[in-house]
Amino acid sequence: MVQFMAVALGGAVGAMMRYGVALAVQRFVDGPAPVATWTVNLLGCLLIGFLVPFLKTGNVSVPVQLFVLTGFLGSLTTFSTFSMESVLLWQSGRVELLLLNVFGSVAAGLLLVWLGMKLHQALWPISG
């Protein structure tokens, strides 16, 4: 039961943050590109790359891991919205934005996970 509550609470926090970030981005950017979705997904990629090495050390409880990774980051980021926006770009004939969205999201996401991991290593180098 504790694990389900950890996921639920993390999900609530992540969903509220996603909504807040999307509102903030939309105040500054208006157009056909799904910038709000890019922002939350790429932020999530950076955070997961940074946090997984710390959370998976064995020193962090399973409920905390579930709160952060499954709950918070799972609801902050959004694959379904990314997919829907990609289909809508395709249907509207915006092939250049579709390709940028799909390939750019994957490439930038991988890069940010890697950068998050490198940032973690720079701040907490493994002693040995």
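Keep in mind that what you see is a predicted model, and the values were worked out from it rather than measured.

## Let's talk about the overall build of the protein chain
Piece 1. Helix and strand counts for the protein chain stand at five helices and zero strands.
Piece 2. Starting at the N terminus and ending at the C terminus, the protein chain contains elements arranged as α-α-α-α-α.
Piece 3. Overall, the protein chain is about 50 × 35 × 25 Å in size when its C-alpha atoms are taken along their principal axes.
Piece 4. Out of the 128 residues in the protein chain, the part that is buried amounts to 31%.
Piece 5. Residue pairs at least 24 apart in sequence account for 74% of intrachain contacts in the protein chain once pairs closer than 6 positions are excluded.
Piece 6. When the accessible surface of the protein chain is split by element, carbon and sulfur atoms take 74% of a total near 8200 Å².

## What about the side chain of Ser-105?
Piece 1. With respect to the secondary-structure elements, Ser-105 resides in helix H5 (residues 95–123).
Piece 2. At a separation of 3.1 Å, a polar atom in the side chain of Ser-105 contacts the side chain of Trp-38.
Piece 3. Ignoring anything within four residues of it in the chain, the contact list for Ser-105 reads Trp-38, Leu-42, Phe-82 and Leu-100.

## A look at the packing of aromatic side chains
Piece 1. What the rule picks out here adds up to two aromatic pairs.
Piece 2. Geometrically, the ring pair formed by Phe-50 and Trp-124 is tilted, given 5.7 Å between the ring centres and 50° between the ring planes. Here Phe-50, found in helix H2 (residues 35–55), pairs with Trp-124, found in the segment after H5; they are 74 residues apart in sequence, far enough to count as distant.
Piece 3. Taking 5.6 Å as the distance between ring centres and 45° as the angle between the ring planes, the aromatic pair formed by Phe-79 and Phe-82 counts as tilted. Of this pair, Phe-79 and Phe-82 both sit in helix H4 (residues 79–91), three residues apart, which is roughly one turn of that helix.

## Concerning the environment of Val-68
Piece 1. Secondary-structure assignment places Val-68 in helix H3 (residues 62–76).
Piece 2. Of the residues examined, Val-68 reaches a relative accessible area of 15% and is grouped as buried.
Piece 3. For the pair Val-68 and Val-52, spaced 16 residues apart in sequence, the C-alpha separation works out to 9.5 Å.
Piece 4. If we skip the residues at most four places from it in the chain, Val-68 touches Leu-51, Leu-55 and Leu-73.

So, how was this worked out
- Residues numbered from 1 in each chain as written.
- Predicted model: local features only at pLDDT ≥ 70, side-chain atom pairs only at ≥ 80, totals over all residues.
- Heavy atoms only, no water.
- Helix = DSSP H or I, 4+ residues; strand = E, 2+ residues; numbered from the N terminus.
- Buried < 20%, exposed > 50% of the residue type's maximum accessible area, 1.4 Å probe, protein only.
- Contact = heavy atoms within 4.5 Å.
- Areas by Shrake-Rupley, 256 points an atom, 1.4 Å probe, with all protein chains shown as cover.
- Polar contact = N/O pair within 3.5 Å; in protein donor to acceptor, adjacent residues only side chain to side chain.
- Phe/Tyr/Trp six-rings, centres within 6.5 Å; stacked < 30°, edge-to-face > 60°.

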